[in-house]
Each structure stands twice: as structure tokens, then as C-alpha cells.
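Next come the chains, spelled out residue by residue.
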Amino acid sequence: MDPKAGNGAPTPVIEHKVHARIGLLGNPSDVYYGRAISLSIANFSAFVRLHPSEHLLISPHPIHDLVQFDSLGHLVSRLNNEGYYGGVRLLMAVCKVFHNYCKDNKIDLKGRNFTLSYDTNIPRQMGLSGSSAIVCAALNCLLDFYKVRHLIKVEVRPNLVLNAEKELGIVAGLQDRVAQVYGGLVYMDFSKKYMNDLGHGKYAPMDINLLPPLYLIYAENPSDSGKVHSTVRQRWLDGDKFIISSMEEVANLPLEGQAALLERDYTKFADLMNRNFDLRRTMFGDDALGAINIKMVEVARSVGAAAKFTGSGGTVVAFCPGGASQVKRLEDACHKAGFTIELVKVVPSCLNEIDLKTLSSQ
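Residues numbered from 1 in each chain as written. Predicted model: local features only at pLDDT ≥ 70, side-chain atom pairs only at ≥ 80, totals over all residues. Heavy atoms only, no water.

## Concerning the state of the cysteines
Inference 1: Using the criterion set out here, one finds 0 disulfides in the structure.
Inference 2: Free of any disulfide, C102 has its nearest neighbouring cysteine sulfur in C95, separated by 11 Å.
Inference 3: Looking at C102, the relative accessible area reads 1%, which means it is buried.
Inference 4: Between C350, a free cysteine, and C136, which holds the nearest cysteine sulfur, the sulfur-to-sulfur gap is 6.8 Å. (Disulfide = S-S within 2.5 Å. Buried < 20%, exposed > 50% of the residue type's maximum accessible area, 1.4 Å probe, protein only.)

Listed below in C-alpha cells is the structure:
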């Protein structure tokens, strides 16, 4: 029998969906005290369900947490394509981080138990933030189940999502988690002053109607994703002047991009998208980026479209400043190269009234 809420009524099932995200400008400077513009998209999403239960149970997904196989060959093929880990570890990690944060901040969780389950259609290793979507959706369920949404500031929640992933050795920055916590289109500033003084960046939602039509380009079965982070992080820490100056230029692109969007100067915005990729390429090198990733960008550029990675590779976001005829040429070029292309479906902000009341004054 399900536990009862304080008023004697059954606690309802809680469900939350969190969408994939696109890093539109500024990545990967978010992990280098930079800036970013990102957006949530409805093309792919993760879904988490929580219901009260006698024991605390994390339910494995029948596909993503598969433990039964047809043969040894099936097991090996599965591991080669999907890796060793599904979503159970993500749910467990966010439970731990959420519990510890509430304990440290004297937030009473009242000791009830629950069952967590999840589903997702966000492709793995495609640069669309599939792991953080699962974690963020689970965090939303926990906030509502324990009725503490009003006690944990929106600005802090991306840190909780990132900390859960850090528990598992996932190396990433705050950009993806901010986009998924806020939803919609968000400008972010991760300057050292904000990170040191506030413990998080400064985040400003933008009107999604400022965006031009955007397109996703990806390979159904990528075989060469590269090792995106390469030695850049260590070179930055070592004071490499080229890396530092290049990363500073990447960090300035969202400043210019915010102004370009507000002015609807989409020619300028296209130039900034291209510059973002070019700077990444010079810092990381072709071997680190991966041949297929580079080819997707080059196919888009072959018809005059602007293109860059949505994240660390795997998927490209493209913009056709030339309009419908250019879009048609882009579609033809992608199909000829064997890539999938689809229109980006932008998601509006997902913050509710309770969330908005927790926001710090800007």
C-alpha cells in the first residue's frame, strides 16, 4: 500500500520531463569562467516518474540498464555500442546529492520512501546532454515529493545536477544543467567573480522568439566521436597563452550573440556560430574532434550555412541565413552524406511560480 500524505490522502505519482539542450554559443568556455547561450529543445527528452513506496527503489530501465542478453556476443555488442552504464547510477547519485544538500542546509525531508523510474530518447554520446536531463528530471521529482521546491533556489539547482554527475566521474560544466533547469533560451555568465562570490553564474532568460530557425544534424551510427577535451584543460591550467586567449574569445561570443539576437542581426549571429567552431577546432585539433563531427560541419558550410557543435560533438546545430532555398540545399547535402537533419523545436521556459519566487534579483 502506498504511504499516505500528512492529510491522510495518497501522495500522487510525480512525473517530470526534461529536454535535450543545444549549446548555441560559448561552449566550451563555461568550464573556463566564460559565457554561454543555450536552449532546451523538444526534439529529444528524458522522463522520470516517482511514486511513494514502502522501500526506496531505483527501477532499472528494461533497455538502458539491460542485464539479460541473448548471448555473449550480444553482451559484447551491447557494451561496444552503449557502454557499461545506464541511468540507475544517475538516479542514485542525484538522490545522494539532494539528501546531503538538504541535510547541510537544515531542510527536513520527513523520511518517506519512493520508487524512481526513468525513460529517455536522447541519443547517447551525441552532445545533447542526455545524462543531465535524467538527473534534472529526477531532481524535480524529489523537489515536489518532499515539497521543498520553494527552499532550493533555481540558481543552485544546476550545481546539484552537476554535482550528481561529478559523483560518477562525468566531466562537464554548468551550461547544460542551467539550460535544462530553466528551459527556454538562457544567457549565462560564469565569470570568476560570480562563481567565487555566488557559487554559480549569472543567468538571464531570453525570449525564444528571438531565435531564427535552427537545424540539428547528426549521424545515426557515429563511429568516430574523437576525444573532445584532449589536453586543452591542462594547457589552460598551465597558462598556455594561445589557449587562454582563444578561450577568452570564445567566452566573448555570447556577449556579441546576445546583442545580435536582440537586434535580430542574424548575419552577425551566423558569423559568431562559425567563429565558435573555428576557435574550438584550432584549440582541440582535428584528431580530438573526430572526423565525422568535422564532416557534419563541413557539409553544412558547403551550402553556406553556419554550423557548430551542440556540445562536445556528436550533433551539429546549423542555421541558414539564406532562407528556404538554402535550407533545401542543406537537407539535400545532409541526405547525400548520410546524415539526419531535423528542425529544432525550441522549448519555452519551464519555471513555475514557485521557482520564480526563489530567483535572486538580478
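## Focus: unusual backbone geometry
Inference 1: P28 follows N27 through a cis peptide bond whose omega is 10 degrees.
Inference 2: Positionally, P28 belongs in the loop between strand 1 (14-25) and strand 2 (35-52).
Inference 3: Located in the positive-phi region is K147, a residue other than glycine, with phi close to 55 degrees.
Inference 4: Residue class for K147 comes out exposed when judged on its relative accessible area of 56%. (Helix = DSSP H or I, 4+ residues; strand = E, 2+ residues; numbered from the N terminus.)

## Details of the pairing of strand 1
Inference 1: Within strand 1, 10 of the 12 residues are buried, which leaves the element mostly enclosed by the surrounding structure.
Inference 2: When strand 1 meets strand 2, the two strands line up antiparallel, connected through 11 bridges. Bridging from a neighbouring strand, V18 pairs with A46 of strand 2. (Pairing = 2+ DSSP bridges.)

## Description of the pattern of salt bridges
Inference 1: Enumeration according to the criterion identifies 18 salt bridges in this entry.
Inference 2: Of the charged contacts, one joins D278 and R301 as a salt bridge, the two residues approaching to 2.8 Å between their closest N and O atoms. Here D278, found in helix 9 (residues 266-284), pairs with R301, found in helix 11 (residues 291-301); they are 23 residues apart in sequence, far enough to count as distant.
Inference 3: Using a relative accessible area of 27% as the deciding quantity, one classes D278 as partly exposed.
Inference 4: Under the relative-accessibility criterion, R301 is labelled partly exposed at 28%.
Inference 5: The partner of D286 in a salt bridge is R281, and the shortest N-O contact between them spans 2.7 Å.
Inference 6: For D286, a relative accessible area of 37% puts it in the partly exposed group.
Inference 7: For R281, a relative accessible area of 26% translates into the label partly exposed.
Inference 8: Connected via shared salt-bridge partners are R21, E165, D176 and R177. (Salt bridge = Lys/Arg side-chain N within 4 Å of Asp/Glu carboxyl O.)

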